[in-house]
Amino acid sequence: MVRAGLTPELLTRAGAELADEVGFDRVTVSELARRFDVKVASLYSHLRNSEELRTRIALLALEELADRAADALAGRAGKDALTAFADVYRDYARSHPGRYAAARYRLDPETAARSAGVRHAQMTRAVLRGYDLTEPDQTHAVRLLGSVFHGYVDLELAGGFSHSSPGSEESWTRILDALDATLRNWPPS
């Protein structure tokens, strides 16, 4: 029997909120059922399993993040675009740590190809157009940006910078300055 008011979309959003509260790795259909005070079996008419729930949360997070990034990049180029793009990831991770973790969840190739992850790749390359990089250097630069953004944010969220000076905000600004300089002076192949 389908419980009135429950839909896959509602459960996905509730799962995303749960991820932000308790961590993406702790989101399960069982935990979600407790939130709605229903039996686990009643959710299986909306979701096949916890894997589907996590995939749905990942897709939602990728879409939210892509929409924010697109808005932030509008009309920007070069260092302004780089900074805006990086700040979107960092701000989203701070506001939605569980969803941010979900956005990096490994999707099967078919699902990934249909996801907003494709938009993320396109926007990263759009940022890099301001630096006039060609292949394969552009791919190397995409990997560099992803590594720096995600690495810094993961360390910051884990409290890795909270015990020393200067503050993480100052380091973030300097790192983005260094990335900009690196991209403008990319070494020839």
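Heads up: the structure comes first, above all this text.
A brief report on the enclosed structure follows. (Residues numbered from 1 in each chain as written. Predicted model: local features only at pLDDT ≥ 70, side-chain atom pairs only at ≥ 80, totals over all residues. Heavy atoms only, no water.)

As a further point, take unusual backbone geometry. In this model, Glu135 is joined to Pro136 through a cis peptide bond whose omega is 0°. Within the element layout of this structure, Pro136 appears in the loop between α8 (117–129) and α9 (137–157). Cis geometry marks the peptide bond from Ser165 to Pro166; its omega dihedral reads 0°. Positionally, Pro166 belongs in the loop between α9 and α10 (168–184). Phi angles above zero are rare outside glycine, and Asp37 is one such case at about 55°. One can find Asp37 in the loop between α2 (29–36) and α3 (40–43). The class of Asp37 is exposed, set by a relative accessible area of 69%. (Helix = DSSP H or I, 4+ residues; strand = E, 2+ residues; numbered from the N terminus. Buried < 20%, exposed > 50% of the residue type's maximum accessible area, 1.4 Å probe, protein only.)

Per the stated rule, a full pass over the model turns up seven aromatic pairs. Put simply, the rings of Phe85, Tyr89, Phe149, Tyr152, Phe161 and Trp172 touch in pairs and so form one group of aromatic residues. (Phe/Tyr/Trp six-rings, centres within 6.5 Å; stacked < 30°, edge-to-face > 60°.)

Here we come to the pattern of salt bridges. Applying the stated criterion across every chain yields a total of 18 salt bridges. Note that Arg104 and Asp154 form a salt bridge whose closest N and O atoms lie 3.3 Å from each other. With Arg104 in the loop between α6 (97–103) and α7 (109–114) and Asp154 in helix α9, this pair connects stretches of sequence that are 50 residues apart. Here Asp154 falls in the partly exposed class, since its relative accessible area comes to 31%. (Salt bridge = Lys/Arg side-chain N within 4 Å of Asp/Glu carboxyl O.)

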